[in-house]
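For reference, the chains in residue letters:
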Amino acid sequence: MVNKNVLIVAVVGLLIVASVGFILLAETEEREPKITLLSQVNSEGSAIFVSSDIATGDKANWSDNFGGKVFATPGTASIQHMILADYIASETDFGFAIQPAGALDDNVVYWTQVPPIDMKESMSKGLVDGGIAWEPFNSQIVADVPGVEIYKWTDEIWDAHPCCVLAVNSEFEQKNPETVQKFVAAHVVATKWIMETIQDDTSDNYSYMVNISSIFAFGDKSEANKAIAKDSLGHVTYDYNINQSWKDKLEVVIDTYTRLGLFDRNPEQLGYESSTEFVERLVNTDYIDNASATDVVDEGDGLVKVKVGWLSGDIHQLARLVAMDKNIGEGMGFGDRTIFEAFGIEIEGGAGNPYANGGAVMDAFLADEIDFGYLGAPPAILRTVNALS
Amino acid sequence: MLKFDEVGGSLLKYDPENRLHRFVRSFVITVTSLIMLVLAWWVGALALDITYLPTPARVYEAFWRLIEVGDVVTGLTLQDHIMASLNRFAGGFFIAFAVAVPLGLIMGYSRTAEEFSNPIIEVLRPIAPMAWAPLFILALGVVAGPMMVVFIGVFFPLLSNTVFGVKKIDPHMIDAARTLGANGLQTFYKVMLPCTIPYIMNGVKIGLGIGWMCIVAAEMIMAKGGGVGYFILNNAQQIGNWPNVFVGLIIVSFLGIITTGIAERVHKMIISRMGME
């Protein structure tokens, strides 16, 4: 009869040997990017705002007053955080660190994460001295909190910087290219409508666009909020096109994240020849190129249900709002249908939608909770690269 | 035929009375168990090949990178995150200790006090500490808020154990003290308090474990100045750096083991000094 301790030792030993063997012999397959970028949504449209403590003297020197002050950002993966971090590093002599619980050092600019929708309250209560947000929250804070001023719009720091993008789950794209084509076509039609409408601020369409923006961002269309929404629309550049210049800027985002050390492994360490190759793999312009040739479906035809994620109150993502609006669809001759419905698409929000920031949208992508997402290009890149590691 | 016990003679023979044998046996089993855990994790990570389950080797690399360059996202070092969590944890723990122990002694000593306090405690006890977090953080701020979540986590087990300890005191001991001339106050601090200490320490051990869970979770809601919970959430949700997330998880585990280990040691020392082994 074998001693039971001997049996246990033998089984444990066998398991260890088998495990080590498996670890030594296992080969993992190269992962594909979880998402594909289909279209731009907007560029620019964010700003650094500061309290009256900072906004003293010549505006060109306000950054001298940043030391020991706390700035709110939407989160470390956002384009806003990246621009602020990069601006502090390149244009000032201050360090940049998270707000500590104790005393603040005058040689450091501090950040704390605050959802843009809550930044107004943080500024009002004096919890932060400034911040960086997407529109319409910069315009709202300037309008509603006494003494707050815009220090710089982000296009003054990085002209035509990439901002929100339309992304699709890569597996979904491979299985449903027709649906993706229709979604992109609807997005392009909606963006074109915005680009045309924004040219004439006296038109009925413009007033309507201001109304829906105000309701989306603030929950109502009071005169004060409409004025803020109108102001905001003027600070955002809406565009769907993807050109080489835009792709080059994505490479700058990748290089910046590499420099900041935010990638677990950067694209080159993951086996890509360069940032350029990674961007080419990540971006697919075929759908944009074929958008104008995509036909609307007949009324009464069945709709394909897709799950979409977007950011809370982000006026950058107005195209999604426009494409989901029945009145705008009717005005464009689609009958009692939204633009998405005219292209055979029915929108369903993902669980947790709308999301607080791009990181949360990427979580939804990684959990296969959404098929399409509107989010900032930087969180899309950061999370995609880190998911490949 | 040779029997296994005869192989190697007495060298392989385990003697349960021998302290060194007991130590070696315990050490080998513990190390083997941990090796098995790491191997199971490693095999699982390779077999599943999913983003959010890195291999131990990648986590090891991430740990050394964090030691060398710190947390590049927050500008803090790993030690800063650990100290931030420890400070909040210690604050919450000491407040809980200062409130729960005297209250538990009074409740155990006075039936009226127990009857009065019990309804309040029973209403509050089932509320999970984390359910208080949003309220505390909003009402008390990002420093005191997470501390109060720890307070709730530690308070109830400590209180229950203290009350239980007082009730477990042999009534003959109290009678004997009184017969020997001790007044109420003397009976309280010369008989009841010392007899309750082992139970209080048991409450401390349980409370420390729950407190750790609370602080990490509370920091995930909001925390000023970093913290291990914040570090984990930020790396998971914002950056997607999963090896860093696992470094955070391992730190939480180690800190939990160290704090409860210290409590266990103190518990044993007290029991030994009081001759209660």
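The residue numbering used here restarts from 1 in each chain and proceeds along that chain's sequence as written. Note on labels: chains are lettered from A, ligands numbered from 1, in written order. Local features in this predicted model are restricted to residues whose pLDDT is 70 or higher, and side-chain atom pairs enter the listing and the counts only when it is 80 or higher, whereas totals over whole chains, interfaces and linings include all residues. Side-chain measures here rest on the full set of heavy atoms in the structure, leaving out hydrogens and waters.

**Quick notes on the interface of chain B and chain A**
The accessible area lost on association of the parts is a frequent measure of interface size. Here is the rule we go by: For this analysis, residues touch if any pair of their heavy atoms sits within 4.5 Å. Simply put, the buried area is the total loss of 1.4 Å probe accessible area from both parts when two parts are fitted together. Whenever Lys or Arg places a side-chain nitrogen within 4 Å of a carboxyl oxygen from Asp or Glu, that contact is recorded as a salt bridge. Put simply, DSSP marks the helices as runs of H or I at least four residues long and the strands as runs of E at least two long, and each gets a number from the N terminus on. Amino acids outside the nonpolar list (Ala, Val, Leu, Ile, Met, Phe, Trp, Tyr, Cys, Pro) and the charged list (Asp, Glu, Lys, Arg) are all regarded as polar, and Gly is one of them.
Across the boundary between the two partners, chain B contributes 33 residues, which contact 36 residues of chain A. Where chain B abuts chain A, roughly 3100 Å² becomes buried across the two surfaces, and 58% of that area is made up of carbon and sulfur atoms. One can count three salt bridges joining chain B with chain A. Here A:D264 and B:R58 are joined by a salt bridge, their closest N and O atoms 2.1 Å apart. Listed by contribution, the elements that provide at least two residues to the side of chain B that touches chain A are α1 (19-48), α2 (56-69) and α8 (228-239) of chain B. The dominant element in the side of chain B that touches chain A, judged by the number of residues it contributes, is α1(B), at eight residues. Split by residue class, the side of chain B that touches chain A holds 17 nonpolar, 10 polar and six charged.

**As for empty space enclosed by the protein**
Residue and element names in this part refer to chain A. Heads up, the rule is: Definitions used for this entry: grid spacing 1 Å over protein atoms alone; cavity, a set of points where a 1.4 Å probe fits but cannot get out; pocket, an open set with protein on both sides within 12 Å along at least 5 of 7 lines; lining residue, one with an atom within 4 Å of a point. Grid points are joined across faces, edges and corners, and a volume is the space filled by probe spheres set on the points.
Applying the stated criterion across every chain, the model contains one cavity of 30 Å³ or more. Space inside the largest cavity adds up to approximately 100 Å³. Residue assignment for the lining of the largest cavity shows that the elements contributing at least two residues are α2 (79-91), α16 (358-366) and β13 (372-376).

**Points about the sheet that holds β13(A)**
Residue and element names in this part refer to chain A. We apply this condition: Only strands that DSSP links by at least two bridges are regarded as paired with each other. Axis lines are fitted to C-alpha atoms, over the contacting stretch for helices. Their N-to-C directions set the angle, which ranges from 0 to 180 degrees.
Taken together, the five strands give an open sheet; going across it, the order is β1-β9-β13-β11-β12, and neighbouring strands pair in mixed fashion. Each having just a single partner strand, β1 (35-40) and β12 (345-349) make up the two edges of the open sheet. With strand direction ignored, the average angle separating the axes of adjacent strands in the sheet is 35°. As judged from the two bridges shared by strand β11 (residues 304-309) and β13, these two strands associate in the parallel manner. Across the sheet, the residue bridging to V308 is F372, located in β13.

**Some details on the sheet that holds strand β8 (residues 149-153) of chain A**
Residues and elements named next belong to chain A. The sheet built from six strands is open, its strands ordered β5-β6-β4-β7-β3-β8 with mixed pairing. Of all the strands in the sheet, just β5 (95-98) and β8 have a single pairing partner and so form its edges. On average, adjacent strands in this sheet sit at an angle of 30° to one another, irrespective of strand direction.

**Some points on unusual backbone geometry**
Note the cis peptide between A:E135 and A:P136, where omega equals 15°. Positionally, A:P136 belongs in the loop between β7 (130-134) and α4 (137-144). In this structure, A:P354 follows A:N353 across a cis peptide bond, with omega equal to -5°. Mapped onto the elements, A:P354 comes out in the loop between β12 and α16. With a phi angle near 55°, A:D368 is a residue other than glycine that sits in the positive phi range. Positionally, A:D368 belongs in the loop between α16 and β13. Non-glycine residue B:D49 carries a positive phi angle of around 50°. Tracing the chain through its elements places B:D49 in the loop between α1 and α2.

**Thoughts on helix α6 (residues 171-179) of chain B**
Rules: A 3.5 Å cut-off defines polar contacts: any pair of N or O atoms within that distance qualifies, except that in protein one atom must be a possible hydrogen donor and the other a possible acceptor, and neighbouring residues in sequence count only when both atoms are side-chain atoms.
Its side-chain oxygen at 3.0 Å from the backbone nitrogen of B:H172, B:D170 defines the N-terminal cap of α6(B). Positive phi shows up at B:G181, right after α6(B), with a value of about 105°.

**A word on the nonpolar core**
To keep things clear, this is the line we draw: In this description, a nonpolar core means a group of buried Ala, Val, Leu, Ile, Met, Phe, Trp, Tyr and Cys residues linked to one another through side-chain atoms lying within 4.5 Å. Summary of the burial criterion: residues with accessible area below 20% of their type's maximum are buried, those above 50% are exposed, and those between are partly exposed, where the area comes from a 1.4 Å probe applied to protein chains only.
Counting residues in each nonpolar core, the largest one holds 120 residues, and the members touching the most others are A:L37, A:V50, A:F66, A:F183, A:V322, A:I339 and A:F372. Tallying contributions element by element places helix α7 (residues 177-197) of chain A first for this core, with nine residues. Formed by 58 residues, the second largest nonpolar core is a distinct cluster that contains B:F93, B:V101, B:M107 and B:V149.

**Notes on a negative patch on the surface**
This is how it is decided: By definition, no residue in a patch forms a salt bridge, and every one has over 30% relative accessible area; like charges are joined within 9 Å, nonpolar side chains (Val, Leu, Ile, Met, Phe, Trp, Tyr) within 5 Å. Here the open area of atoms and residues is found with the Shrake-Rupley method and a 1.4 Å probe, where only the protein chains shown may cover a residue. When charges are counted, neither His nor the chain ends are considered; positive counts come from Lys and Arg and negative counts from Asp and Glu. For the purpose of locating charges, the reference atoms are NZ of Lys, CZ of Arg, CG of Asp and CD of Glu.
Negative charge collects at one region of the surface, where A:D298, A:E299, A:D301, A:E330 and A:D336 lie side by side. Along the polypeptide, A:E330 turns up in helix α14 (residues 326-331).

**Let's talk about the packing of aromatic side chains**
Spelled out, the test is: Pairs were defined over the aromatic rings of Phe, Tyr and Trp, the Trp ring being its six-membered one, requiring ring centres within 6.5 Å. Orientation was assigned from the angle between planes: stacked under 30 degrees, edge-to-face over 60, tilted for the rest.
Tallying each qualifying case throughout the model produces 24 aromatic pairs over all chains. Relative to A:F71, the ring of A:F66 has its centre 4.8 Å away and its plane inclined at 55°; by these criteria the two rings are tilted. For the pair formed by A:F66 and A:F71, the shared burial category is buried. Taking the centre distance of 5.6 Å and the plane angle of 25° together, the rings of B:W41 and B:F246 count as stacked.

Keep in mind these values describe shape, not function.
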